[in-house]
Amino acid sequence: MHASNKPDAPVAATFARLGPEIAAAVRALWAGSAGSTVRCVPTRRTVAMPIADGWLFGKWRRGKRTDAAAEWHWLHVLPLLGLRTPVPVVWIGRGRRSLLVTEGVAGHSLDVWMARAAEAGWLPELLVYLCEQVAPAVRQLHDRGLVYRDLYWNHIFVGDPRRGDPPVFLDVERVLRPWWRWRRWVEKDLAGLLSSIPAGISLPPRAALRFAQAYQGGSLRSIRASMLAIEAKAQRIRGHQPKFG
């Protein structure tokens, strides 16, 4: 998704509102002359670019302007509701192309942390973190009448769970306030987490129930019925063929 390096007047005005270093970095991203690709599908490419005090992530889209607008919106709204997201920097577009830039997020996604914790022997400690930090954050989102619709462990980044660093939620463009079938959407969010546990990781007995209890409250017995629906949905998600490898 290469774009011209001669931005039109609205884009140039956007650059002018940024600080010099960030403006130069965004200009290079916009021109397609900088950054390393971290994910690429036919209509979207994500690149990472180092800067003096960290790095930037740029998400190119071809078409899908409504997705870019939705992500820009939720990157601003969700932190007001208590959910941490990447810090938005700028969103610019021309024709069918758009570029949304955020500050980089330190650490690793939680599926990577699970694999590391399992290998190093501190998976039980990580599960405590998930119950104490992630489950309440997801519940807070749902209590606001919102669902994530793309809630998988690889979309939640953490600096280091052993330090208790708070989770940061990525790829928020699909957040939705549904007006019907609420329970279905909530179960899909929770099933997304259950389905995206990395293959080969053996969780302690009743780990999923413990997470559900941290999310929902109440006794383990009281949430078994809802867990059956979540587990069934998770199984269907696992059976889906990925659209892009």
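What you are looking at is a predicted structure, and each value in this text was computed from that prediction instead of being measured.

Cut-offs used in this document
Residues numbered from 1 in each chain as written. Predicted model: local features only at pLDDT ≥ 70, side-chain atom pairs only at ≥ 80, totals over all residues. Heavy atoms only, no water. Axes fitted to C-alpha atoms, helices over the stretch in contact; angles between N-to-C directions. Helix = DSSP H or I, 4+ residues; strand = E, 2+ residues; numbered from the N terminus. Parallel < 35°, antiparallel > 145°, perpendicular 65-115°, else oblique. Contact = heavy atoms within 4.5 Å. Phe/Tyr/Trp six-rings, centres within 6.5 Å; stacked < 30°, edge-to-face > 60°. Buried < 20%, exposed > 50% of the residue type's maximum accessible area, 1.4 Å probe, protein only. Lys NZ or Arg CZ within 6 Å of the ring centre and 35° of its normal. Left-handed = near helix turned anticlockwise from the far one by under 90°. Nonpolar A, V, L, I, M, F, W, Y, C, P; charged D, E, K, R; others polar. Polar contact = N/O pair within 3.5 Å; in protein donor to acceptor, adjacent residues only side chain to side chain. Expected span 1.5 Å × (residues − 1). Salt bridge = Lys/Arg side-chain N within 4 Å of Asp/Glu carboxyl O. Lys, Arg positive; Asp, Glu negative; His and termini not counted. 1 Å grid on protein atoms, 1.4 Å probe; cavity = no way out; pocket = protein on both sides within 12 Å on 5 of 7 lines; lining within 4 Å. Points joined across faces, edges and corners; volume = space filled by probe spheres on them.

Asker: Could you give me a rundown of the packing of helix H4 (residues 110-120) against helix H5 (residues 123-143), with the residues and numbers involved?
Answerer: It is at 8 Å that the axes of H4 and H5 come closest, and there the two elements cross at 150 degrees. Taken together, the axis directions place H4 and H5 in an arrangement best described as roughly antiparallel. Between H4, through Leu110, Trp113, Met114, Ala117 and Ala118, and H5, the contact on the second element is made entirely by Leu123, Leu126, Tyr129, Leu130 and Val134.

Asker: Describe the packing of aromatic side chains, with residues and values.
Answerer: Considering all chains together, one arrives at four aromatic pairs under this definition. Taking the centre distance of 5.3 Å and the plane angle of 20 degrees together, the rings of tryptophan 30 and tryptophan 60 count as stacked. Taken together, the residues span a long stretch of sequence, with tryptophan 30 in helix H2 (residues 20-31) and tryptophan 60 in strand S3 (residues 54-62) at a distance of 30 residues. In this structure tryptophan 30 comes out as buried when scored by relative accessible area, which is 1%. By relative accessible area, tryptophan 60 is classed as buried at 0%. The side chain of arginine 139 reaches across the aromatic face of tyrosine 215, ending 5.3 Å from its centre.

Asker: Give a detailed account of the packing of H5 against helix H7 (residues 207-216), specifying residues and quantitative values.
Answerer: Axis separation between H5 and H7 bottoms out at 8 Å; the angle between their running directions is 45 degrees. Here H5 lies oblique to H7, going by the angle between them. The handedness of the crossing between H5 and H7 is right-handed. In this structure, H5 contributes Leu127, Leu130, Cys131, Val134, Ala135, Val138, Arg139 and His142 to the contact, and H7 contributes Ala207, Arg210, Phe211, Ala214, Tyr215 and Gln216. Across the contact of H5 with H7, the residue classes break down as 10 nonpolar, two polar and two charged.

Asker: Give me the side chain of histidine 142: which residues, what numbers.
Answerer: Tracing the backbone shows histidine 142 in helix H5. Among the polar contacts listed, one links the side chain of histidine 142 to the side chain of aspartate 189, at a separation of 2.8 Å. Filtering out sequence-adjacent residues up to four positions away, histidine 142 remains in contact with Val147, Trp182, Val186, Asp189 and Tyr215.

Asker: Tell me about helix H6 (residues 182-195), and please be specific about residues and values.
Answerer: In this model H6 runs 20 Å from its N-terminal to its C-terminal C-alpha over 14 residues, within 8% of the 20 Å that 1.5 Å per residue would give. Of all 14 residues making up H6, 11 are buried, and the element is well covered by its neighbours. Every buried residue of H6 is listed here: Trp185, Val186, Glu187, Lys188, Asp189, Leu190, Ala191, Gly192, Leu193, Leu194 and Ser195.

Asker: Tell me about the pattern of salt bridges, and please be specific about residues and values.
Answerer: What the rule picks out here adds up to eight salt bridges. Arginine 162 serves as the salt-bridge partner of aspartate 160, at 3.1 Å between the closest nitrogen and oxygen. By relative accessible area, which is 54% here, arginine 162 ends up exposed. When salt bridges that share partners are traced, they join Lys59, Arg61, Glu71, Asp171 and Glu173 into one network.

Asker: So what's going on with the side chain of arginine 45? Which residues, and what values?
Answerer: Inspection of the secondary structure assignment puts arginine 45 in strand S2 (residues 44-51). Buried charge without a salt bridge: arginine 45, with aspartate 171 as the nearest opposite-charge side chain at an N-O distance of 14 Å. Within the local environment of arginine 45, its side chain forms a polar contact with the side chain of threonine 37, the two groups lying 3.3 Å apart.

Asker: Report on the layout of surface pockets, specifying residues and quantitative values.
Answerer: Each pocket or cavity is described by its volume, and for the second largest pocket that value is around 320 Å³. Lining the second largest pocket are 22 residues, and of these Trp153, Ala207, Ala208, Phe211 and Ala212 sit closest to its centre. Listing elements by their share of the lining of the second largest pocket, those giving two or more residues are H5, H6, H7 and helix H8 (220-238). Sort the elements by how many residues they give to the lining of the second largest pocket and H7 lands first, with six residues. Residues that form the lining of the second largest pocket fall into these classes: 20 nonpolar, no polar and two charged.

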